[in-house]
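Listed below are the residues making up each chain.
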Amino acid sequence: MSGSKNNTGAAAEAVVRSSDSQDFSKSRALQPKAHNLIPGGSHTYAKGDDQFPELAPGFIARGKGCHVWDLDGNEFVEYGMGLRAVTLGHGFEPVVEAAYKQMQQGINFSRPAKIEVDLAEAMLGVIDGAAMVKFAKNGSDVTTAAVKLARAYTGRDLVAICGDQPFFSTDDWFIGTTELNAGIPQAITELTLKFRYNDLDGMRELFDRHPAQIACVVMEAEAIAAPASGYLQKVKDLCEEKGAVLIFDEMITGFRWHLGGAQKFHGVVPHLSTFGKAMGNGFAIAALVGKREIMCLGGLDHDQDRVFLLSTTHGAETHALAASLETLRIYRERQVVEFLWKQGQQLTKLVNQSIAENRLGGVFELLGRPCNLIFVTRDNDQNPSQAFRALFMQELIRRGVIAPSFVVSFSHSDEDIQRTAEAVYESHVIYRKALDEGIDKYLNGRPVKPVFRKYN
Ligand SMILES: Cc1ncc(COP(=O)(O)O)c(C=O)c1O
């Protein structure tokens with residue numbers, strides 16, 4: 001792979017993938033029907049129309065690698081594919097092939113399939129300190145299962161979650177704490193408490209205010225902010241001092257920060273942890289892993305009250321397990337994690353050059369690790385701005401890039417990164433003009449909106 005140019009300034013002369021060539025008429029025609037049939041018009045809120053500018057493709061028809069084609073045949077480089085699940089690439093052949101071969105052998109039987117044990121062994125081989133694993137289809141289910149297990153293990157009801165991190169589960173114990181809490185009993189919401197990331201004193205106070213009542217601490221080892229030196233180990237020590245279970249949610253960090261997750265990257269092994277997303281390159285597979293003495297409560301070899309742990313009809317469909325086995329193999333053999341970091345670093349360098357050249361310091365910012373980059377858009381007063389987010393995404397889309405984030409995959413080649421950097425540069429030129437002349441002149445339609453809001 002070659003990095004053709006590394007100077008975003010040269011991008012000003014680059015061929016613009018102009019919106020003039022983009023026709024969204026097929027998408028536009030389908031959108032009303034989607035909204036009529038599906039609440040929100042999409043089965044995942046983060047993919048919804050309100051998350052994208054008006055000048056955006058409404059539906060994706062197909063994908064290959066990091067490229068997607070919409071219903072009207074427009075082609076884009078895509079970022080954050082499948083809510084960060086598709087880390088190898090769309091239609092990644094060895095994974096598709098492994099799943100397909102397995103499907104031909106049957107996907108669901110009346111007794112377990114051997115591949116359940118094979119993947120269990122492979123998964124536990126990469127996650128240090130985890131002795132047992134249980135698979136499921138969704139990250140939300142495994143994180144909720146971790147909470148239930150911790151409650152059963154400790155005999156306590158309260159759950160402490162990191163309030164600075166955006167998402168842990170679609171279930172009531174978490175969604176009840178957000179703006180989107182309609183339909184969730186107050187009694188459930190009151191069982192979840194919040195602490196601030198990197199604030200050990202705050203966590204200690206929480207434990208002191210609720211003595212012997214907090215079953216577990218649920219957090220991502222790292223989201224956007226990095227942990228202060230020693231913080232994660234001190235959190236673990238505090239949990240052990242107070243008799244609580246430490247749960248790391250590795251849905252995003254797993255197979256990105258390190259093959260062994262953020263827990264390996266930071267050298268702190270939690271009592272339980274949960275994985276999903278990257279585990280199957282987009283196939284529905286998630287895992288709860290952890291210490292034997294806790295996990296075994298979901299099994300048959302103990303004399304305590306049994307825990308109903310993740311037993312579902314579709315939980316261990318063999319083709320998803322086969323996809324995951326193959327994904328793990330590719331990660332090990334092809335140094336996928338290192339590649340994600342490298343491509344993210346290159347993109348960071350080019351985007352930061354563009355920020356400087358377009359005088360957008362303090363206004364447009366890249367945040368996060370290179371393997372998990374997000375961007376922040378601000379207005380002239382340096383306040384976070386959904387209107388400028390919409391404008392930036394609109395201008396990228398015009399230039400053939402769909403980027404709700406800049407989260408790269410194994411399929412983002414040097415050419416894709418370069419093409420993105422050129423699109424970013426040109427979008428930044430418009431961003432600068434919109435700051436100087438007023439955004440209304442440049443933004444087509446309404447701003448985007450956050451998912452977690454109470455009203456439309
Ligand atoms: C950190 C984190 N935890 C849990 C989940 C839930 O995973 P799923 O959507 O597979 O249920 C997500 C999903 O975005 C997530 O980002």
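Structure report, in brief. (Residues numbered from 1 in each chain as written. Predicted model: local features only at pLDDT ≥ 70, side-chain atom pairs only at ≥ 80, totals over all residues. Heavy atoms only, no water.)

### Topic: the overall build of the protein chain
The criterion, for reference: Secondary structure elements are taken from DSSP: a helix is a run of H or I of four residues or more, a strand is a run of E of two residues or more, and numbering for both begins at the N terminus. When accessible area is computed with a 1.4 Å probe and restricted to protein chains, residues below 20% of their type maximum are described as buried, those above 50% as exposed, and intermediate ones as partly exposed. It only takes one pair of heavy atoms within 4.5 Å for two residues to be counted as in contact. We get accessible surface area from the Shrake-Rupley algorithm with a probe of 1.4 Å; when it comes to residues, only the shown protein chains can shield them. Charge assignment in this entry is limited to Lys and Arg as positive and Asp and Glu as negative, and neither His nor the chain termini are counted. For the purpose of locating charges, the reference atoms are NZ of Lys, CZ of Arg, CG of Asp and CD of Glu.
Along the protein chain, the regular secondary structure elements total 15 helices and 13 strands. Along the first, second and third principal axes, the C-alpha set of the protein chain runs to 70 × 55 × 45 Å. When each of the 456 residues of the protein chain is scored for burial, the buried share is 53%. Considering only contacts within the protein chain whose residues lie at least 6 apart along the sequence, 75% involve residues at least 24 apart. A total of about 20400 Å² of accessible surface is found on the protein chain, and carbon and sulfur atoms cover 51% of it. Averaging the coordinates of the 49 positive side-chain charges in the protein chain and doing the same for the 55 negative ones gives two points 2 Å apart.

### Here's the deal with the sheet that holds strand 4 (residues 132–136)
Inclusion rule: At least two bridges found by DSSP between two strands are what make those strands a pair. Axes here mean lines fitted to C-alpha atoms, for a helix over just the part in contact, with angles spanning 0 to 180 degrees between N-to-C directions.
Spatial strand order, 4-10-9-8-7-5-6: seven strands in an open sheet with mixed pairing. Lying at the two open borders of the sheet, with one neighbouring strand each, are strand 4 and strand 6 (192–195). Strand-to-strand twist of the sheet, defined as the mean angle between neighbouring strand axes without regard to direction, takes the value 20°. Pairing of strand 9 (residues 272–275) with strand 10 (residues 286–290) involves four bridges; the strand directions are antiparallel. Bridge assignment links Thr-274 to a residue of strand 10, and that residue is Leu-288. In the packing of helix 9 (residues 231–242) onto the sheet, contacts are made with strand 6, strand 7 (214–219) and strand 8 (245–249), and the angle to strand 7 comes to roughly 165°.

### Re the environment of Leu-55
Relative to the elements of secondary structure, Leu-55 occurs in the loop between helix 1 (25–37) and strand 1 (60–64). The exposure class assigned to Leu-55 is partly exposed, which follows from its relative accessible area of 22%. Along the primary structure Leu-55 and Ile-294 are separated by 239 residues, whereas in three dimensions their C-alpha atoms are 50 Å apart.

### Brief notes about the pattern of salt bridges
Put simply, the test is: Each reported salt bridge corresponds to a side-chain nitrogen of Lys or Arg within 4 Å of a carboxyl oxygen of Asp or Glu.
Tallied over the entire structure, the rule returns 20 salt bridges. In this structure, Glu-241 engages Arg-204 in a salt bridge whose closest nitrogen and oxygen atoms are separated by 3.3 Å. With Glu-241 in helix 9 and Arg-204 in helix 8 (residues 200–209), this pair connects stretches of sequence that are 37 residues apart. Judged by relative accessible area, Arg-204 falls into the partly exposed class, the value being 34%. With a closest N to O distance of 2.5 Å, Arg-369 and Glu-222 form a salt bridge. Here Arg-369 is found in the loop between strand 11 (364–367) and strand 12 (374–377), whereas its partner Glu-222 is found in the loop between strand 7 and helix 9, with 147 residues between them in sequence.

### Quick word on the site of the ligand
Heads up, the rule is: Summary of the distance rule: residues count as near a molecule or strand when at least one heavy atom falls within 4 Å of that molecule or strand. Throughout this description, a polar contact denotes any pair of N or O atoms lying within 3.5 Å of each other; where both atoms belong to protein, one of them has to be capable of donating a hydrogen while the other can accept it, and for residues adjacent in sequence the pair is counted only when both atoms sit in side chains. Residues were grouped as follows: Ala, Val, Leu, Ile, Met, Phe, Trp, Tyr, Cys and Pro as nonpolar; Asp, Glu, Lys and Arg as charged; and all remaining residues, including Gly, as polar.
Asn-138, Gly-139, Ser-140, Phe-167, Phe-168, Glu-220, Asp-249, Met-251, Ile-252 and Lys-277 make up every residue found near the ligand. Interatomic distance of 2.8 Å between a backbone N/O atom of Gly-139 and an oxygen atom of the ligand. Ser-140 places a polar side-chain atom, nitrogen or oxygen, 2.6 Å from an oxygen atom of the ligand. Here the residues of the shell around the ligand are counted per class, giving four nonpolar, three polar and three charged.

### Digging into the packing of helix 12 (residues 318–334) against helix 13 (residues 336–357)
How we decide: Between 65 and 115 degrees an angle is taken as roughly perpendicular, under 35 as roughly parallel, over 145 as roughly antiparallel, and anywhere else as oblique.
Interaxial distance between helix 12 and helix 13 falls to 6 Å at its minimum, and their mutual angle equals 70°. It follows from the interaxial angle that helix 12 and helix 13 lie roughly perpendicular. For the pair formed by helix 12 and helix 13, the contact residues are Ile-330, Tyr-331 and Arg-334 on the first element and Val-336, Val-337 and Leu-340 on the second. Of the residues belonging to the contact of helix 12 with helix 13, the class tally is five nonpolar, no polar and one charged.

### Thoughts on the pairing of strand 7
Quick note on the threshold: If the strands point away from the viewer and the path from the first strand over the helix to the second runs clockwise, then the crossover is right-handed.
For strand 7, the buried fraction is high: six of the six residues fall into the buried class. The pairing of strand 5 (residues 158–162) with strand 7 spans four bridges and is classified as parallel. Of the residues in strand 7, the one forming a bridge with Ala-160 is Val-217. Pairing between strand 7 and strand 8: four bridges, direction parallel. Within the sheet, the bridge partner assigned to Val-218 lies in strand 8 and is Ile-247. After leaving strand 7, the chain enters helix 9 and then returns to the sheet as strand 8, a path that is right-handed.

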